[in-house]
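# Fold and contact review
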Amino acid sequence: MNTKDINVMVISALPPVMLAELEQLFTIHNYWLADDKADLLRKTAISIKGVVTRSHLGIDAHMINALPSLEIISIFGVGLDAVDLTAAKQRGIIVTHTPRVLSECVADTALALMLNVSRRYCEADRFSRSNTWVKGPFPASSRMHGKICGIAGLGHVGHAVAKRAQAFNMPIHYFDPYLQDAGFKRFDSVTALAESCDFLVLTLPGGADTFHLVGSEVLAALGKEGILVNVARGSIVDTSALINALKNNEILGAGLDVFEDEPNIPDELFQFDNVVLFPHLASNTHETRTDMANLALNNIKGYFERGEVLTPVK
Ligand code: 8YV
């Protein structure tokens, strides 16, 4: 079969190399770049058999239902919170994503945030650049080793965080509703986990089940010496509650790679020196983005060439 006869719609920005490969393989309709999106849909919707999108944009029920011939959605990314899986399932549409290939880089970022908040490295860099050292020494920080690392969500990323934290001699505590005995101390709720640990690292999936799971109660449980790290989804943390906790010194600090309304970061977070803010960069290394792109490509290619996908959403 000539895959060039297959119409595929790209509905979010993709790495240029990935887009070029898709264009070699299929007839691509780029909804993301189209000036008149409604017109593109009107002209092509009936013919679209595949969609390629990114995790954070996903695809909603409206778009799924606007494409009557859709057979496969290939996601560049692991998160499924922005994909209407129910609408896809109802139509028997296959959904694939890119798990595992990004876990190590996301875990690296979690550790970077833990270190940067506890040891105040970002603040120290600002201190050095502004020549403040001449006025006196940089204040002491909190060490990592020996502190308890609490991991909420012990999937691939959570395990990769645990492995790294153990190398820092940190005991591991966890909360995961689907994992009873992971060989670490388990807690039944995020609040109980927060109460027990020094670092609360969020590696849970986003979506309705985890929306605002971390609010004032969990932050109070984390306590004055506790640090919150979020490399999962912004929606898991109630940002207003976090800002209040920071204002009232209820926690020691926070490291955030993800936000509720990306790419917008609430101005109020900029005032805190004990907060480290990253622009959702966890998986963004050349190597990992190449692995993600190859997996997403091989999923859609494999489906149309052989009826096989590598990493379906079950
Ligand atoms: C990406 C992610 O930044 O895969 C995910 O779910 O959050 C990140 O790896 C991004 O979503 C890729 O579109």
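Refer to the structure above for everything that follows.
Residues numbered from 1 in each chain as written. Predicted model: local features only at pLDDT ≥ 70, side-chain atom pairs only at ≥ 80, totals over all residues. Heavy atoms only, no water.

Attention now goes to the sheet that holds strand 7 (residues 172-175). Ordered in space as 8-7-6-9-10-11-12, the 7 strands form an open sheet in which the pairing is parallel. The outermost strands of the open sheet, each flanked by one partner alone, are strand 8 (185-187) and strand 12 (275-277). Going across the sheet, the axis of each strand differs from the next one's by a mean of 15 degrees, ignoring polarity. Across 3 bridges, strand 11 (residues 253-256) lies against strand 12 in parallel orientation. Along strand 12, the bridge assignment pairs Leu256 with Leu277. Contacts between helix 5 (residues 103-118) and the sheet are confined to strand 6 (149-152), strand 9 (199-202), strand 10 (227-230), strand 11 and strand 12, with strand 10 contributing the most and set at about 150 degrees to the helix. (Pairing = 2+ DSSP bridges. Helix = DSSP H or I, 4+ residues; strand = E, 2+ residues; numbered from the N terminus. Axes fitted to C-alpha atoms, helices over the stretch in contact; angles between N-to-C directions. Contact = heavy atoms within 4.5 Å.)

To continue, consider the site of the ligand. What surrounds the ligand is a group of 13 residues, the closest being Val78, Gly79, Arg233, His280 and Ser283. A distance of 3.3 Å is found between an oxygen atom of the ligand and a side-chain nitrogen or oxygen belonging to Ser55. Between the ligand and Ser283, the relevant distance is 2.8 Å, taken from an oxygen atom to a side-chain nitrogen or oxygen of the residue. Coverage of the ligand by the protein chains reaches 94% of its 330 Å² of free accessible surface. (Near = heavy atom within 4 Å. Polar contact = N/O pair within 3.5 Å; in protein donor to acceptor, adjacent residues only side chain to side chain. Areas by Shrake-Rupley, 256 points an atom, 1.4 Å probe, with all protein chains shown as cover.)

A surface patch of nonpolar side chains, about 300 Å² in accessible area, is lined by Trp32, Leu33 and Leu57. Take Leu57: it is sitting in the loop between strand 3 (48-54) and helix 3 (61-66). (Patch = residues over 30% accessible without salt bridge, like charges linked within 9 Å, V, L, I, M, F, W, Y side chains within 5 Å. Salt bridge = Lys/Arg side-chain N within 4 Å of Asp/Glu carboxyl O.)

On to the layout of surface pockets. Put simply, the largest pocket is a space of about 1400 Å³. What lines the largest pocket is a set of 49 residues, and nearest its centre among them are Val78, Gly79, Leu204, Pro205 and Arg233. Among the secondary structure elements, those contributing two or more residues to the lining of the largest pocket are helix 5, helix 7 (156-167) and helix 11 (286-306). When grouped by side-chain class, the residues that make up the lining of the largest pocket number 22 nonpolar, 18 polar and 9 charged. Residues lining the lining of the largest pocket come from more than one domain, with at least three contributed by each of domain 1 (3-101 + 287-306) and domain 2 (103-277). Within this model, the second largest pocket holds a volume of roughly 260 Å³. His56, Asp81, Arg233, Phe259 and Glu260 are the residues nearest the centre of the second largest pocket, which is lined by 15 residues in total. Partitioning the lining of the second largest pocket into residue classes produces 4 nonpolar, 6 polar and 5 charged. (1 Å grid on protein atoms, 1.4 Å probe; cavity = no way out; pocket = protein on both sides within 12 Å on 5 of 7 lines; lining within 4 Å. Points joined across faces, edges and corners; volume = space filled by probe spheres on them. Nonpolar A, V, L, I, M, F, W, Y, C, P; charged D, E, K, R; others polar. Domains from an automatic or database assignment.)

Let's shift gears to the pattern of salt bridges. For the structure on display, the rule yields 14 salt bridges. As a salt-bridge pair, Glu123 and Arg120 come within 2.9 Å of each other at their nearest N and O atoms. Overall, Glu123 belongs to the buried group, its relative accessible area being 13%. The partly exposed category is assigned to Arg120, whose relative accessible area is 23%. A salt bridge links Arg126 to Asp273; the nearest nitrogen and oxygen atoms lie 3.3 Å apart. Separated by 147 residues along the polypeptide, Arg126 in helix 6 (residues 121-129) and Asp273 in the loop between strand 11 and strand 12 bring together distant segments of the chain. A relative accessible area of 41% means that Arg126 is categorised as partly exposed. (Buried < 20%, exposed > 50% of the residue type's maximum accessible area, 1.4 Å probe, protein only.)

So, on to helix 10 (residues 239-247). All of the buried residues along helix 10 are Thr239, Ala241, Leu242, Ile243, Ala245 and Leu246. Of the surrounding elements, those touching the buried residues of helix 10 are helix 9 (216-222), strand 10, strand 11 and strand 12. With a side-chain oxygen positioned 3.2 Å from the backbone nitrogen of Ser240, the residue opening helix 10 is Asp238. Count one or two residues on from helix 10 and you reach Asn249, which has phi positive near 50 degrees.

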